[in-house]
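Spelled out, the chains give:
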Amino acid sequence: MKKEAPTTTMVVKDICCDICNESVIPSARMQHSDDLNSFSEHAQLIASFGYGSKRDGDKFHYDLCEDCFDQLLVSIEGLRMGKT
Ligand SMILES: [Zn+2]
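A brief look at the structure comes next. Because the structure is predicted, anything quoted here is derived from the model rather than measured.

Around the zinc ion, the protein contributes the donor atoms Cys17 (SG), Cys20 (SG), Cys65 (SG) and Cys68 (SG), which lie 2.3 Å from the metal centre. Geometry at the zinc ion is tetrahedral, judged from its four donor atoms and the angles of 105 to 117 degrees they form at the metal. Sequence positions of the residues that donate to the zinc ion give the spacing C-x2-C-x44-C-x2-C. With a gap of 51 residues between them, Cys17 in the segment before α1 (27-30) and Cys68 in helix α2 (residues 66-83) connect regions that are remote in the sequence. Taken individually, Cys17 and Cys68 each receive the classification buried, so the pair is uniform in this respect.

This brings us to a nonpolar patch on the surface. There is a patch of nonpolar side chains on the surface, built from Phe69, Leu73 and Ile76 and spanning about 230 Å² of accessible area. Secondary-structure assignment places Leu73 in helix α2. Note on Leu73: relative accessible area 38%, which makes it partly exposed.

Given a rise of 1.5 Å per residue, 18 residues ought to cover 26 Å, and the 26 Å separating the end C-alpha atoms of α2 matches this to within 8%. Counted residue by residue, α2 has one buried out of 18 residues, so it is predominantly exposed.

Here we take up the pattern of salt bridges. Tallying each qualifying case throughout the model produces three salt bridges. Across the pair Arg29 and Glu41 runs a salt bridge, and its minimum N-O distance is 2.8 Å. Highlighted residues: Arg29 in helix α1 and Glu41 in the loop between α1 and β1 (43-48), separated in sequence by twelve residues. Overall, the relative accessible area of 32% leaves Arg29 in the partly exposed class. Overall, Glu41 belongs to the exposed group, its relative accessible area being 60%. Among the ionic pairs, Arg55 bridges to Asp58, the shortest N-O distance being 3.3 Å. Residue classification places Arg55 among the partly exposed residues on the basis of a relative accessible area of 41%. Overall, the relative accessible area of 29% leaves Asp58 in the partly exposed class.

Conventions used here
Residues numbered from 1 in each chain as written. Predicted model: local features only at pLDDT ≥ 70, side-chain atom pairs only at ≥ 80, totals over all residues. Heavy atoms only, no water. Donors = N, O, S within 2.8 Å, 3.2 Å for Na, K, Ca; no water. Tetrahedral: all angles 85-135°; square planar, octahedral: opposite > 155°, others 65-115°. Helix = DSSP H or I, 4+ residues; strand = E, 2+ residues; numbered from the N terminus. Buried < 20%, exposed > 50% of the residue type's maximum accessible area, 1.4 Å probe, protein only. Patch = residues over 30% accessible without salt bridge, like charges linked within 9 Å, V, L, I, M, F, W, Y side chains within 5 Å. Areas by Shrake-Rupley, 256 points an atom, 1.4 Å probe, with all protein chains shown as cover. Salt bridge = Lys/Arg side-chain N within 4 Å of Asp/Glu carboxyl O. Expected span 1.5 Å × (residues − 1).

So, in structure tokens, the structure goes:
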């Protein structure tokens, strides 16, 4: 005999931009995914610092929408131009 019990599992329903809070998931993908936990086809800014770094142990993970990623690219290019 199988004994059944209800379970509650948490699933990722959306991933939002850490700057503007808009969803980073294209609407077509949103409708066809029950769990977006493994979704990684969007901009992410990830940094992890280790021994010898001034930030030893610091970890950063930001999810970004395409618009905010574009603005970040402009900022990076601006910084690069300022260094040369
Ligand atoms: Zn955004």
